[in-house]
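# Examination of the molecular architecture
One letter stands for each residue in the lines below.
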Amino acid sequence: QKEVEQNSGPLSVPEGAIASLNCTYSDRGSQSFFWYRQYSGKSPELIMFIYSNGDKEDGRFTAQLNKASQYVSLLIRDSQPSDSATYLCAVVRGGSTLGRLYFGRGTQLTVWP
Amino acid sequence: EAGVAQSPRYKIIEKRQSVAFWCNPISGHATLYWYQQILGQGPKLLIQFQNNGVVDDSQLPKDRFSAERLKGVDSTLKIQPAKLEDSAVYLCASSLVGTASTDTQYFGPGTRLTVL
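Once a new chain begins, its residue numbering starts again from 1 and follows that chain's sequence as written. Lettering for chains starts from A, numbering for ligands starts from 1, and both go in the order in which the items are written. Under the rules for a predicted model, residues below a pLDDT of 70 receive no local features and side-chain atom pairs below 80 are neither given nor counted, while totals for whole chains, interfaces and linings still include all residues. Side-chain numbers come from the whole structure's heavy atoms, not from hydrogens or water.

## Focus: the interface of chain A and chain B
Throughout, a residue-residue contact means that at least one pair of heavy atoms, one from each residue, lies within 4.5 Å. Listed per partner, the contact involves 21 residues of chain A and 24 residues of chain B. Once two parts are put together, the accessible area they lose, assessed with a 1.4 Å probe and summed over both, is termed the buried area. For the pair chain A and chain B, the summed buried area comes to about 1,700 Å², and 51% of that belongs to carbon and sulfur atoms. What counts as a salt bridge is simple: a side-chain nitrogen of Lys or Arg found within 4 Å of a carboxyl oxygen of Asp or Glu. On inspection of chain A and its partner chain B, the count reaches one salt bridge. With its nearest N and O atoms 3.1 Å apart, the salt bridge here joins D56 of chain B to R100 of chain A. In protein, a polar contact means a hydrogen-donor-capable atom and an acceptor-capable atom, both N or O and within 3.5 Å, with residues adjacent in sequence counting only if both atoms are side-chain atoms; elsewhere, any N or O pair within 3.5 Å suffices. Counting across the chain A and chain B interface gives six residue pairs in polar contact (both at pLDDT 80 or more). In this description a helix means any DSSP run of H or I spanning at least four residues, a strand means any run of E spanning at least two, and both kinds are numbered starting from the N terminus. The leading source of residues in the side of chain A that touches chain B is strand 4 (residues 32-38) of chain A, at four residues. Note on residue categories: nonpolar means Ala, Val, Leu, Ile, Met, Phe, Trp, Tyr, Cys or Pro, charged means Asp, Glu, Lys or Arg, and polar means any other residue, Gly included. The residue inventory of the side of chain A that touches chain B, partitioned by class, reads 11 nonpolar, eight polar and two charged.

## A short note on the layout of surface pockets
Considered as a void within the structure, the largest pocket measures approximately 590 Å³ in volume. In terms of lining residues, the largest pocket is bounded by 31 residues, among which Q38 and G41 of chain A together with Q37, L39 and R112 of chain B are the most central. At the level of secondary structure, the elements contributing two or more residues to the lining of the largest pocket comprise strand 9 (85-92) and strand 11 (107-112) of chain A together with strand 9 (88-95) and strand 11 (111-115) of chain B. Looking at the lining of the largest pocket, its residues break down into 11 nonpolar, 16 polar and four charged. Buried and open spaces are told apart on a 1 Å grid over the protein atoms alone, a cavity being a set of points where a 1.4 Å probe fits but cannot get out and a pocket being an open set with protein on both sides within 12 Å along at least five of seven lines. Residues with an atom within 4 Å of a point are the lining residues. Grid points are joined across faces, edges and corners, and a volume is the space filled by probe spheres set on the points. What the second largest pocket holds in volume is close to 410 Å³. F103 of chain A together with Q41, G42, P43 and K44 of chain B are the residues nearest the centre of the second largest pocket, which is lined by 20 residues in total. The set of elements that each furnish at least two residues to the lining of the second largest pocket consists of strand 1 (4-6) and strand 10 (101-103) of chain A together with strand 4 (31-37) and strand 5 (44-50) of chain B.

## Thoughts on the pairing of strand 8 (residues 75-79) of chain B
Residues and elements named next belong to chain B. On strand 8, burial follows the alternation: S75, L77 and I79 on one face are buried, whereas T76 and K78 on the facing-out side are not. The criterion for strand pairing is that DSSP finds at least two bridges linking the strands in question. Relative to strand 8, strand 3 (residues 19-24) runs antiparallel, the two sharing five bridges. What sits directly across from W22, in strand 8, is T76. Summarising the sheet, strand 7 (residues 65-68) and strand 8 pair through four bridges and their orientation is antiparallel. Its bridge partner being in strand 8, E68 is matched across the sheet by T76. Adjacent in sequence and paired antiparallel, strand 7 and strand 8 are bridged by six residues, among which K71 carries a positive phi angle near 60°. Between buried and exposed lies partly exposed: a residue is buried under 20% and exposed over 50% of the maximum accessible area for its type, with that area taken using a 1.4 Å probe on protein chains only.

Next up, the structure:
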């Protein structure tokens, strides 16, 4: 079982819709969860992170964490064509690997006008 | 504030040759990371430095890969000899502390390596 799993997609939504990106992780001791966006040919850039159960909102983005289900998601409201990218879920485990990020393979999102 | 700098941006070599990548982290960042990202996959950590000491190199193929971070600032990642499966983007990242679970990692532009 992989540390972090994401549906590779592609996920395609119309402009203005809500895009929902999902991620599951295997280690129950995982402490914090990051969402990165990666445009084609570019490096990952941080969107937001979450470490407490529940929702965390930042502009059009909402991260949701459910540690009991080992599930984290990212919602993008009012999706724009400029949101078209690969979204990477990353997890920090506890213990000796504190600070180390485990990445999923990413979900490719396309927002069509 | 300047971001993470990497060079070169692109490199094409033949198998069995050697190659080196350079990284300059964000000023003041104690922790530096090297990741390998193969096409279609997420980044995979190769090595993590805290100042100039190695924290985690469990995923580094030590028979061919080496890395150093002299004086706790710049870092160099070397591959010798390269194999076809080393074709990937090599990303350098840095973070302020590296020991906090919410510490943000900032990525450089990466070096795209093609091994022929």
